[in-house]
Structure formats: C-alpha cells, structure tokens
Amino acid sequence: MSSKNAFLTFEGSDKAIPLNIVSGSDGPDTLDITSLYKEAGVFTYDPGFLSTASCNSSITYIDGDKGILRYRGYPIEQLAEQSSFLEVAHLLMYGELPKKTELNDFSNIITRHTMINESLLRFFEGFHYDAHPMAMVIGVVGSLSAFYHDSTDIKNPRHREISAHRLISKMPTIAAAAYKHNRGEPVIYPRNDLSYAGNLLHMMMATPCEDYVIDPLAEKALDLLFILHADHEQNASTSTMRLAGSSGSNPFACVAAGASSLWGPAHGGANEAVLNMLKEIGHASNVEKYIAKAKDKDDPFRLMGFGHRVYKNYDPRAKIIREVCYEVLNKLADANNPLFELAMNLEEQAVSDDYFVEKNLYPNVDYYSGIIYRALGIPESMFTVMFAIARTAGWVSHWMEMLDDPRHRIGRPRQLYQGAAIRDYVPLEQRA
Ligand code: CMC
C-alpha cells in the first residue's frame, strides 16, 4: 500500500487537517479518516456505505464500471471455466490455488465432515412442515454453536480453520435436511464418495426407496453456480458476518447472522423473487406493462434480478449463467423453457429502455440462476439456501482474514443523532 496526503479545511478556519490517501493494489484510492474525529471533532456520514471502505481485504476485487470480478486476482471467467467449487473455496480461504496434494487433502477434509450431530437433525422436528428452508437453515447453522466446543477458541488460528472447514462441509447437509423436512421425507445421509455438488443433489433428491442417479451435467452446473456465488467482497451478508465476528462471537452464530442478511430480497433472496416475478408476468405480452411498473416511482415494484450497488455494467456472473442456461435447458428440460424465453424477452426490452440505460441497471447474478435451479428440480424456496451454501466459503474466508489481521477492532459505526434534545421526565399523571 502506497500513501499520499489530502488536506481537509473548514470554512472560517485556517487549520488544514492532513488525511492519508491510501492506494490499494487495484481500485480507487481510499481516504483514511480514522483520526478525523480526534483531529476535527466531526464524524463522516455515509448510510449504506456508498463511499466507505469498511476494511482491508485481499480476497475479492470488483470493478463495477467495467464488470470485472476476480477472486484472489483470478478472473471469474477463468475460474468458471477451469476450476471447481472446492478449489475456489481453498483459493478464497488460503489465498492460493491448491497444488494437487493440497486439493486432495482439502477435498478429503470437506467431504468427510459432512455429517451433523443426530441431535441437530432432531431440531428439524420442531419446525412446522411449511417453514421456509432459509428460516430452518439460519436456526440450525446457528445451533452448531451449541456443539463442537473443541474448536471455538477464536484466538487460535487452527480452531478458526477447523470451524471454517466444518461450516463448508455441513452447510449442504443442513440445507438438504431443511428441504426434506418441507417434503415430509426422511433425511438422506451424506455420501463421502461423492463430489460436493453431487452429494448435495444426492441428499436432496434420493429417497430411502429409490437411489438418485446424479446427472453429470446437473452436478457440473451446480458446481459452477457455487463458484459464481462463492464470494463478492463486502456485500451485506459478508459485512454482517464481519461485524458479528468483530466482537469475538462464535463463528457458527456469525454465519447465521450472515445468512439472515442474505435472505432479504435486495440481496440473496432476489433469485427466488425473480422466479416469482417471471411467473407473475406470465407472458411476453405483459412485459411492457411490468417495465412501466418498475419505472413508476409511485409503484414499489422493481425488476428483480436487475441492478446492483457495485456493477454499473453487466454483472459478469450473469453473463456466464445465461450461457449455461442454454446448455442446461437444452439437455435437462424443455429447450424452449417458457420462463427462460420470458426472462430473455424482459432483459432485451429493459436493457434498451432509457430508464434502465440511464441508471445503469443490468441483469445481476440472480436473474438467471433460478432458471437453472428450477431445471435441476430445485424449488424456488431453496434458491437462497443454494446461494448460502456457496457464500459460506466467502463468509468464513472474510472472517478468518479479519481475525488474522492484528489491526482489526470491534466494528462500531457512529451515527448522526437527530432525536429529541435533552428534556425532563414527566410523571405519568402529568402527561398531556
Ligand atoms: N428496478 C427498477 N428500478 C431500479 C432497480 C430495479 N431492479 N434497481 C434500482 N432501481 C432504481 C432505483 O429506483 C433508483 O432510482 P432513483 O435514483 O430514481 O431513485 C436507482 O435505480 C438506484 O437504485 P438504488 O436502490 O438507490 O441502488 P442501490 O445500490 O441502493 O440498490 C439493489 C441496489 C441491488 C438493491 C437494487 O438495484 C435492487 O433493488 N435490485 C433488485 C433486487 C436484486 O436483484 N437484488 C440482487 C442483487 S445481486 C445479488 C446479491 O447481491 O445478492
């Protein structure tokens, strides 16, 4: 990191307060304001973090204007084409692509710690049959903190690593159990001989009376979606994970916090919302009407799967997913899947509409992912859970990076107080 200075002056004062301008390895320079309150007695105000870097990180780089996404320096397009989810999880956690033996060891660790304690499985009995799978996943992943007391010293790097491995390994098992609970089917235990994605498909689709033959295309498509969703720097759920973890909290509880943030429709819940929106639109003849609704300031409707805080260009992940859609739908489902046709029609009309052009609103990662999940036989209510499984690799990597950084402190934002000024307590009988 190189650094130069900027000076802040206030009207009516000659004092110039020096502020460090810190350059990262890529991306815009950053003004270091950590001493601002001490030096000038003012806070900065940036709700929604539009211009604020909340931490240092070496994991993921995004250039939203150019539509660039890189994990540890590697372009997402290259990883999508040549890598696997477990290799990417290793890359995110440890900073480097694994050598052959390292990948073998890592895959063994992850695929051999997939079982969850039987008592945890009994937690599912407490949920109503139609509980949303995300609600169950958030509850049960957080409950892992009531188990595994052998490795919860967050000051110990080895303990942190074990917890991270456990989270990546067990998330699919918890997700599949939530799915089976919804269906009223018995839980299918993990199989350690299967790949990460193959095992998830097995746990979801097999039943005790019928084995499930994993389609290699479905396994590959799921693995690819996991690569694309694995990390996205300081998004809302990762920032939640970091903030929760900054106080020294238990990692399983922190992942429950991250997953809660992910669930919202403005974030990872958008994939489910996209499918619901496409079903509501129903037919190409209604597209124009819905685009008009999305543009109408008095209508709360938004085009789900469109727009992004960081990307002001096509989301590179959406580009990759749209291509895979063709392949998957051609082989696994009706080649003319009407929802895919409708999605493409909606995209075509939206990206050439002045409103969307002026505001730089393009399809994001969630726009097409649900169409693939649906072709794989995964229901809408599980879409955000799929996202959570993949993003766990990113969450734990950021949590480890934060705790490894000697400069890290508890996250404690300031505020611009706009409430009542001091006033005296009024006894109940005297209140007007
Ligand atoms: N449809 C219609 N108008 C939109 C949309 C949309 N999908 N997204 C943004 N706008 C408009 C918005 O009304 C605002 O207009 P104006 O400046 O006139 O007030 C302008 O574009 C900027 O929007 P914003 O809400 O201030 O932007 P943001 O950076 O705070 O929000 C977003 C980003 C992703 C929450 C938003 O684009 C959105 O709600 N999109 C739909 C939900 C979605 O697809 N979310 C998934 C995000 S990608 C995956 C992930 O992160 O998990």
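What you see is a predicted model; the values in this text were computed from it and never measured. (Residues numbered from 1 in each chain as written. Predicted model: local features only at pLDDT ≥ 70, side-chain atom pairs only at ≥ 80, totals over all residues. Heavy atoms only, no water.)

1. Things to note about the environment of V141
Selection rule: Starting at the N terminus, helices and strands are each numbered in turn, a helix being any DSSP run of H or I of at least four residues and a strand any DSSP run of E of at least two. Residue exposure (1.4 Å probe, protein chains only): buried if accessible area is under 20% of the type maximum, exposed if over 50%, otherwise partly exposed.
Of note, V141 is situated in helix α6 (residues 133-143). Accessibility expressed as a relative area gives 0% for V141, which makes it buried. For the pair V141 and A253, spaced 112 residues apart in sequence, the C-alpha separation works out to 7.3 Å.

2. Here we look at the site of the ligand
How we decide: Definition of nearness: a residue and a molecule or strand are near each other if at least one heavy atom of the residue lies within 4 Å of the molecule or strand. Nitrogen and oxygen atoms within 3.5 Å of one another constitute a polar contact, given that in protein one can donate a hydrogen and the other can accept it, and given that sequence-neighbouring residues count only through two side-chain atoms. Accessible areas in this description were obtained via Shrake-Rupley with a 1.4 Å probe; residue shielding takes into account the shown protein chains only.
Neighbouring the ligand are 22 residues, the closest being H267, L303, G305, R309 and K359. A distance of 2.8 Å separates an oxygen atom of the ligand from a polar side-chain atom of R302. For the ligand, an oxygen atom lies 2.8 Å from a polar atom in the side chain of K359. If the ligand stood free it would expose 940 Å²; the protein chains cover 74% of that surface.

3. Considering helix α17 (residues 365-375)
Note the following rule: Pairs of residues are marked as contacts when any of their non-hydrogen atoms sit within 4.5 Å.
Of all the 11 residues making up α17, 10 are buried; the element is thus mostly covered by neighbouring parts of the structure. Residues of α17 that are buried: V365, D366, Y367, Y368, S369, G370, I371, I372, Y373 and A375. At its buried positions, α17 is contacted by α9 (216-229), α12 (270-281), α14 (316-332), α15 (338-351) and α18 (383-404). Measuring from the side-chain oxygen of the N-cap residue of α17 to the backbone nitrogen of D366 gives 2.9 Å; that N-cap residue is N364. Positive phi appears at G377, one or two residues downstream of α17, with a value of about 90 degrees.

4. Points about the nonpolar core
One broad rule of soluble globular proteins: the nonpolar side chains tend to lie buried together. Defined as follows: The definition of a nonpolar core used throughout is a set of buried Ala, Val, Leu, Ile, Met, Phe, Trp, Tyr and Cys residues joined through side-chain atoms within 4.5 Å.
Within the largest apolar cluster, 120 residues are counted, with the highest numbers of intra-cluster contacts made by L222 and Y368. Sort the elements by how many residues they give to this core and α18 lands first, with 14 residues. Apart from the residues within four sequence positions on either side, Y368 is in contact with Y314, A318, I321, R322, C325, F340, A343, M344 and E347.

5. Observations concerning the packing of aromatic side chains
Going by this rule: To pair, rings of Phe, Tyr and Trp, with the six-membered ring standing in for Trp, must have centres within 6.5 Å; the planes then decide the type, stacked if under 30 degrees apart, edge-to-face if over 60, and tilted in the middle.
For the structure shown, the criterion picks out 18 aromatic pairs. Measuring from centroid to centroid gives 5.1 Å for F85 and Y196, while their planes differ by 35 degrees, and the two rings are tilted. With F85 in helix α3 (residues 85-94) and Y196 in helix α8 (residues 196-205), the pair connects residues that are 111 residues apart, well separated along the chain. Each member of the pair F85 and Y196 is classed as buried. Residues Y355 and F356 carry aromatic rings whose centres are separated by 5.1 Å and whose planes lie at 70 degrees to one another, so their mutual orientation is edge-to-face. By relative accessible area, which is 3% here, F356 ends up buried. Aromatic rings pair up to connect F306, Y326, F340, Y355, F356, Y367 and Y368 into one cluster.

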